[in-house]
Amino acid sequence: GDAFGFGTWPATNRAIYVPFVLAERVTVLKMFVEVITQSGNMDVGIYNAAYARQVSAGSTLVGAAEIQEFDLADTAIGPGQFYWGMSVDNVTASFRRWPTTAIGLKRCGVAHEALGSVVLPATATPAVVASAYLPVIGMSMRTLVA
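Notes on the structure in this doc start here. (Residues numbered from 1 in each chain as written. Predicted model: local features only at pLDDT ≥ 70, side-chain atom pairs only at ≥ 80, totals over all residues. Heavy atoms only, no water.)

### Quick word on the overall build of the protein chain
- Assigned secondary structure in the protein chain consists of 1 helix and 13 strands.
- Reading the secondary structure of the protein chain in the N-to-C direction produces β-β-β-β-β-β-β-β-β-α-β-β-β-β.
- Compactness check: the protein chain gives a C-alpha radius of gyration of 14 Å against a globular reference of 15 Å for 146 residues, within 12% of the reference.
- Structurally, the protein chain occupies a C-alpha span of about 45 × 40 × 30 Å along its principal axes.
- Taking all 146 residues of the protein chain together, the buried fraction comes to 46%.
- At a minimum sequence separation of 6, the contacts of the protein chain that also span at least 24 residues come to 83%.
- Here the protein chain has roughly 6800 Å² of accessible surface; of this, 55% comes from carbon and sulfur atoms.
- Between the centroid of the 9 positive side chains of the protein chain and the centroid of its 10 negative side chains there is a distance of 9 Å. (Helix = DSSP H or I, 4+ residues; strand = E, 2+ residues; numbered from the N terminus. Rg over C-alpha atoms; globule rule 2.2 N^0.38 Å. Buried < 20%, exposed > 50% of the residue type's maximum accessible area, 1.4 Å probe, protein only. Contact = heavy atoms within 4.5 Å. Areas by Shrake-Rupley, 256 points an atom, 1.4 Å probe, with all protein chains shown as cover. Lys, Arg positive; Asp, Glu negative; His and termini not counted. Charge placed at Lys NZ, Arg CZ, Asp CG, Glu CD.)

Here it is, written out as structure tokens:
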């Protein structure tokens, strides 16, 4: 069976920041999410450990129900800790997500932010996550040769 669930975005113009670690320097090429229900606009991006945006897609129409790719400006990052960021401008769009609890997300370092628009900020001001929503986000990248 499918270990993932799906659900509508938890709050209008809420950004969710999901931590990840890179062991080496890479060039980020694309990001992706799985759309279940199309509605409104979204933004995805990557932040460094200090929550400074490294790259983002900008406000983008939520695509039809399938894997949605975002062709980002090729951006070198790493090694170190980073955050995937995702924001949606409505609570009708739904996405593939990991089944979890809010307390579990807090322990993993997931954070959120109430934004004034769907666009991810240049510098995030994260708050303790308030909802049990962990979107399945991914990226394609290539390793930089030293």
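### Topic: unusual backbone geometry
- Going from glycine 78 to proline 79, the amide bond is cis rather than trans, its omega being -5°.
- By the secondary structure assignment, proline 79 is in the loop between strand S7 (67-77) and strand S8 (80-88).
- Its identity is not glycine, yet asparagine 13 carries a phi of approximately 55°, on the positive side.
- Here asparagine 13 lies in the loop between strand S1 (5-8) and strand S2 (14-22).
- One non-glycine residue, tyrosine 51, lies in the positive phi region at around 65°.
- Within the secondary structure, tyrosine 51 sits in the loop between strand S4 (41-48) and strand S5 (53-56).

### Brief notes about the environment of glycine 45
- Inspection of the secondary structure puts glycine 45 in strand S4.
- Glycine 45 gets classed as buried once you look at its relative accessible area, which sits at 0%.
- Between the C-alpha atoms of glycine 45 and leucine 72, which are 27 residues apart in sequence, the distance is 8.5 Å.
- Setting aside residues no more than four positions away along its own chain, glycine 45 makes contact with Met31, Val55, Ser56, Tyr83, Trp84, Gly85 and Leu120.

### Some remarks on the packing of aromatic side chains
- This model, assessed by the stated rule, comprises 7 aromatic pairs.
- Each ring, one from tyrosine 51 and one from tyrosine 83, has its centre 4.3 Å from the other, and the planes form 20°; the classification is stacked. In this pair, tyrosine 51 sits in the loop between S4 and S5 while tyrosine 83 sits in strand S8, placing the two residues 32 residues apart along the sequence. The two residues tyrosine 51 and tyrosine 83 agree in class, both being buried. (Phe/Tyr/Trp six-rings, centres within 6.5 Å; stacked < 30°, edge-to-face > 60°.)

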